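Observations on the model geometry
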Amino acid sequence: MCSNRSAFGLLLLAWLASVTILSVEAYSTPPPTTSNCTAISTFDAALQECVIQLGIAPERLDQEYNLLLYPADRDTMCLVRCIGVLLRFWNDTTGLREATIRQYYEPAPEDQDYQNRTRSCLAALEPSVTDVCERAHRSFLCYHQHYGYLRRTDRYVPKTPLEMKQIQQDCVDVYGLDPARLNHYQDGQFPDDPETQCFVRCVGLRAGLYTDRDGPNIDRMYIQCESCADETLFRAKAGECIAAQRRHKLSKCTAAYRTLYHCFRDDQLDLYASLTTAAAAVTTTTTTKKSTPPNAIPALSVRKPCDRAKLSPDAWQLEIILEGLYNRKH
């Protein structure tokens, strides 16, 4: 099985196919339903919701949680897990989604060691801890105590398979497309025609990953992707591809198709990853004579290339689909 980061390749295929071919019930940590069915995107809103859902004494909000105190009692540990599930920075199977949780913390400008402290804290967590509430609480505290100040404003919450499924159906309905087209998209067929271009734009807009003015939101794309490759290189190369596509005067639907599809499909992400691998090899060669600084943050792992030549087309599609459901391991 290829690395789970390959699932983001061919962005639209991973989303458009996986959520409909496989049962959404396979998602191991389903988010609790909010009391009023509204979207939750701030830390405080998730905190309030989880206090209600878990039946925690409301006075603890003012006495502890609003003061940023999260002691290691059972109620608090499960409260933290609930917050993480609602904001999608915690999954009981895959653990902490770091690209997501770090949105909620702002490092102090003068703090030059926050990343090393956070990484050391996470590395020190005992793998023997199997209780999901305790694991979530300990992982959360590494960011809460070491990364920076809590941000209380709206942040991007990664979309679940169920949410993406509804977005896809909405876009088919909005443009009055033949329902059979969705089957073609699920098979990875995105022809360069006006209907498909507008469908791709609709999905990007409704998912909060694209605007006509700014194009793809690379920050959010990386969060949804959950570390496709080295983050710095991912941002740089994706930005170059988007800029190249946006130099042309295109219709709104064509511009969305050219940037979302051409810049984030699987072969393009393979290129980003191969460049990351090459850069890592050069860095290793040129730094072997230097001593490693204390508490250095290990380089972000690079997704392993898939040997797709040995797979049938159906098996290759299934490879992507199985890895696309929130990086669920099977």
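Residues numbered from 1 in each chain as written. Predicted model: local features only at pLDDT ≥ 70, side-chain atom pairs only at ≥ 80, totals over all residues. Heavy atoms only, no water.

What follows covers the pattern of salt bridges. Any two side chains of opposite charge can pair if their charged atoms end up close together. Under the defined criterion, the tally for this structure stands at 20 salt bridges. Ionic pairing is found between R151 and E106, a salt bridge with its closest N-O pair at 2.0 Å. You can see R151 sitting in the loop between β4 (149-150) and α8 (161-174) and its partner E106 sitting in strand β3 (residues 105-106), a full 45 residues away along the chain. The partly exposed category is assigned to R151, whose relative accessible area is 25%. Owing to a relative accessible area of 36%, E106 belongs among the partly exposed residues under this scheme. A salt bridge links E231 to R235; the nearest nitrogen and oxygen atoms lie 2.7 Å apart. A residue pair is termed a helical-turn pair when its members lie 3 or 4 positions apart in one helix, as E231 and R235 do in helix α12 (residues 231-246) at four residues. (Salt bridge = Lys/Arg side-chain N within 4 Å of Asp/Glu carboxyl O. Helix = DSSP H or I, 4+ residues; strand = E, 2+ residues; numbered from the N terminus. Buried < 20%, exposed > 50% of the residue type's maximum accessible area, 1.4 Å probe, protein only.)

Mapped onto the fold, T100 is located in helix α5 (residues 98-101). The class of T100 is buried, set by a relative accessible area of 0%. Those residues within four positions of T100 in sequence are excluded, and the remaining contacts are L87, R88, F89, P158 and I223. (Contact = heavy atoms within 4.5 Å.)

As a further point, take the packing of helix α10 (residues 194-206) against helix α13 (residues 252-264). Remark: α10 packs on α13, axes separated minimally by 8 Å, with the N-to-C direction vectors making an angle of 75 degrees. Regarding the angle of α10 to α13, the classification is roughly perpendicular. Contacts between α10 and α13 involve T196, Q197, C198, V200, R201 and G204 from the first element and K252, C253, T254, A256, Y257 and L260 from the second. Here the residues of the contact of α10 with α13 sort into six nonpolar, four polar and two charged. (Axes fitted to C-alpha atoms, helices over the stretch in contact; angles between N-to-C directions. Parallel < 35°, antiparallel > 145°, perpendicular 65-115°, else oblique. Nonpolar A, V, L, I, M, F, W, Y, C, P; charged D, E, K, R; others polar.)

Inspection of the secondary structure puts T259 in helix α13. Overall, T259 belongs to the buried group, its relative accessible area being 1%. Among the polar contacts listed, one links the side chain of T259 to the backbone oxygen of A255, at a separation of 2.8 Å. Sequence-distant contacts of T259, that is, excluding residues within four places in its chain, are made with Y210, P216, I242, Q245, R246 and F264. (Polar contact = N/O pair within 3.5 Å; in protein donor to acceptor, adjacent residues only side chain to side chain.)

The subject of this paragraph is the packing of aromatic side chains. In the structure shown here, the tally under the stated rule is 13 aromatic pairs. With a centroid separation of 5.4 Å and 80 degrees between ring planes, the pair formed by Y70 and F140 is classed as edge-to-face. A residue pair is termed long-range when its members are at least 10 positions apart, and Y70 in the loop between α3 (59-63) and α4 (74-86) and F140 in helix α7 (residues 132-146) qualify at 70 residues. Just as Y70 is buried, F140 falls in that class too. For the ring pair Y185 and F199, a centre distance of 4.6 Å and an interplane angle of 25 degrees mean the geometry is stacked. (Phe/Tyr/Trp six-rings, centres within 6.5 Å; stacked < 30°, edge-to-face > 60°.)

We now examine the state of the cysteines. The tally for this structure, following the rule as stated, stands at six disulfides. Here C78 engages in a disulfide with C133; their sulfurs sit 2.2 Å apart. Between C78 and C133, the S-S torsion sits near 100 degrees, and that sign places the bridge as right-handed. Taken together, the residues span a long stretch of sequence, with C78 in helix α4 and C133 in helix α7 at a distance of 55 residues. Neither residue differs from the other here; C78 and C133 are each classed as buried. Residue pairing for C241: its cysteine sulfur links by disulfide to C263, the two sulfurs lying 2.1 Å apart. Given an S-S torsion of about -90 degrees, the disulfide between C241 and C263 has left-handed geometry. Taken as a pair, C241 in helix α12 and C263 in helix α13 lie far apart in primary sequence, 22 residues in all. (Disulfide = S-S within 2.5 Å.)

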